[in-house]
Amino acid sequence: MTATHGAPSPLPDAALTARAQEVAADIVADILHLVRHETSSYDLPALAAGLDRLRETAVARLGPPDHEHRHPGGTYGDTLTLTYAGTGGAGGHVALVGHYDTVWPTGTLARWEPPEPNGQEGRTRLSGPGIFDMKTGLAQGIWALRLARESGAPVPTVTFVFNGDEEIGSLASRPVIEETARKADATLVLEPTAHGAVKTARKGTGIFRVTATGVESHAGLAPQDGASAILALSEFVIAAAAVAAPERGTTVNTGVVSGGSAVNVVAGSATAGIDIRVAGAAEQARVDAEFDAIEVTDPRVRIEVDHDWNRPPMTLGAASAPLLDLAREAARAQGREELPTAAVGGASDANFVAALGLPVLCGMGAVGDGAHARGEYILPDTVPAQTALVAGMLLRLTRPPRS
């Protein structure tokens, strides 16, 4: 595989690594600057202010973009695209994708109790809501482009895609992500690593909504006249859990349940939100069929299932394999013995790109642990190496990767 035009010159990987070490404190400062502003997926004013802060950080480190567009998210966070033209006569166009929304409700930061600053591995930890998933990746991506430009080597055109609805399915941002990926030669998703490993496979995700409609009645005077939607939904949820097949990579989790109108009323309605993860299309079809076949005891209760397969499964296809080769090449040049890979249960925006058959690598961001868990953290001593790795990838993508 040839990664540059003509006879490739030696790339300044050692200089990238050294420079990343020199500016590590600045990168960490930017990470913490982003973390200190909460950006819950459901808080539109906070998301808007958080995106402004993210844009300001990018402009402060890279200068004004050559093109930018803020795509309105409606009831979801906006998506911002910032494009920086290539330098040194380089070809190539790389998309760097990352979300700025988090799972944490506004107000979490004030009650955050960080773990011990030194964990079991004896290394300093930094903790905060969203620091691992995925504000560290955002800052590292910005600095990676800066390091690549400072190196003096040709740098491809880079488009950042910052979206504010990934944690709730990327419902507004998906078209922007797919359009940008189609125009780019490669997409790098700045999601956190799996303990330092690049993520080359992710499960597909289903977000099903189950609605039970029963018959209301007085719980004391005429309970026999009622048909409880809550009772029927409980039956359904238990049956749905049995559809899981962990040995095939299929999990089923009922995460949200609501229903009823009053304690003394037989519930006339109830709903449940169910998260489903599958490793392949065959399991997706099986889950669909088995959910539709579930029956509840009381025939007076109507069950409706909204099958929403939000993200398709992601695998390392022929289009993406050359990207992994380039990442490993950059890692070796920067002194790493190996760059491991991992298959994970979580989905990301990389699933959308992979489903289009386009080159994509995910998990290029933070090293740490605890995504979606109180106490999530990063290992700040890994920030320079991860930033340099993405910078090294950019320098190798001045022409489209070839399989």
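An unreviewed UniProt entry annotates the protein as M20 family metallopeptidase originating from Streptomyces bottropensis.

With the rule as written, the count across this model stands at six aromatic pairs. Between tryptophan 104 and tryptophan 112, the ring centres sit 5.2 Å apart and the planes meet at 90°, which makes this aromatic pair edge-to-face. Judged by relative accessible area, which is 10%, tryptophan 112 ranks as buried. Here the aromatic cluster, defined as three or more aromatic residues joined through ring pairs, consists of Phe208, Phe236, Phe291 and Trp309. In this structure, arginine 125 is placed above the aromatic ring of tyrosine 377, and the distance from its NZ or CZ to the ring centre is 3.9 Å.

This next bit is on the sheet that holds strand β2 (residues 79-84). Strand order in the open sheet made by the six strands is β1-β2-β5-β3-β6-β16, with mixed pairing throughout. Because the sheet does not close on itself, it has two edges, and the strands there are β1 (67-71) and β16 (360-361). As judged from the six bridges shared by β2 and strand β5 (residues 157-163), these two strands associate in the antiparallel manner. Within β5, the position partnered with threonine 83 by the bridge is threonine 159. Against the sheet, helix α3 (residues 44-62) touches β1, β2 and β5, its axis set at about 10° to β2.

Where helix α2 (residues 24-35) meets helix α10 (residues 383-395), the axes come as close as 9 Å, and the angle between the chain directions of the two elements is 90°. In terms of orientation, α2 lies roughly perpendicular with respect to α10. When α2 is examined against α10, the residues Ala24, Ile27, Val28 and Ile31 are found in contact with a partner set consisting of Val383, Pro384 and Thr387.

All told, the structure shown has two cavities of 30 Å³ or more when counted by the stated rule. By volume, the largest cavity is sized at about 50 Å³. Lining the largest cavity, in full, are Leu34, His37, Thr39, Gly50, Arg53, Leu54, Tyr100, Lys135 and Leu138. Put simply, the parts of the chain that give the lining of the largest cavity at least two residues each are α3 and α4 (131-150). With three residues, α3 is the single largest residue contributor to the lining of the largest cavity.

As a further point, take the pattern of salt bridges. The final tally for this structure, using the stated rule, is 21 salt bridges. Residue glutamate 283 pairs with arginine 248 through a salt bridge whose shortest N-O separation is 3.1 Å. In this pair, glutamate 283 sits in helix α7 (residues 281-293) while arginine 248 sits in the loop between α6 (229-241) and β10 (251-259), placing the two residues 35 residues apart along the sequence. The exposure class of glutamate 283 is buried, given its relative accessible area of 10%. Among the ionic pairs, arginine 277 bridges to aspartate 275, the shortest N-O distance being 2.8 Å. The network of salt bridges with common partners includes Glu247, Arg248, Glu283, Arg286 and Glu290.

We now examine the nonpolar core. In terms of nonpolar packing, the biggest core is built from 59 residues, with Leu96, Phe160, Phe162, Leu361, Met364 and Met393 touching the most fellow members. The dominant element in this core, judged by the number of residues it contributes, is α4, at eleven residues. Counting residues in hydrophobic clusters, the runner-up holds 23 residues, among them Ala232, Ala240, Ile274 and Phe291.

Mapped onto this numbering, the UniProt entry annotates "domain: Peptidase M20 dimerisation" (unreviewed entry) at residues 200-293. Regarding residues 200-293, the helix share stands at 28% and the strand share at 38%, and the terminal C-alpha atoms are separated by 34 Å.

Relative to the elements of secondary structure, threonine 250 occurs in the loop between α6 and β10. Relative accessible area serves as the criterion here: at 0%, threonine 250 is assigned to the buried category. Linking threonine 250 and arginine 277, residues 27 residues apart in sequence, is a C-alpha distance of 5.4 Å. Setting aside its immediate chain neighbours within four residues, threonine 250 contacts Lys203, Ala244, Ala245, Arg277, Val278, Glu283, Arg286 and Val287. Within the local environment of threonine 250, its side chain forms a polar contact with the side chain of glutamate 283, the two groups lying 2.6 Å apart.

Thresholds, definitions, all that
Residues numbered from 1 in each chain as written. Predicted model: local features only at pLDDT ≥ 70, side-chain atom pairs only at ≥ 80, totals over all residues. Heavy atoms only, no water. Phe/Tyr/Trp six-rings, centres within 6.5 Å; stacked < 30°, edge-to-face > 60°. Buried < 20%, exposed > 50% of the residue type's maximum accessible area, 1.4 Å probe, protein only. Lys NZ or Arg CZ within 6 Å of the ring centre and 35° of its normal. Pairing = 2+ DSSP bridges. Helix = DSSP H or I, 4+ residues; strand = E, 2+ residues; numbered from the N terminus. Contact = heavy atoms within 4.5 Å. Axes fitted to C-alpha atoms, helices over the stretch in contact; angles between N-to-C directions. Parallel < 35°, antiparallel > 145°, perpendicular 65-115°, else oblique. 1 Å grid on protein atoms, 1.4 Å probe; cavity = no way out; pocket = protein on both sides within 12 Å on 5 of 7 lines; lining within 4 Å. Points joined across faces, edges and corners; volume = space filled by probe spheres on them. Salt bridge = Lys/Arg side-chain N within 4 Å of Asp/Glu carboxyl O. Core = buried A, V, L, I, M, F, W, Y, C linked by side-chain atoms within 4.5 Å. UniProt positions renumbered as here; feature names shortened; annotations may be inferred. Polar contact = N/O pair within 3.5 Å; in protein donor to acceptor, adjacent residues only side chain to side chain.

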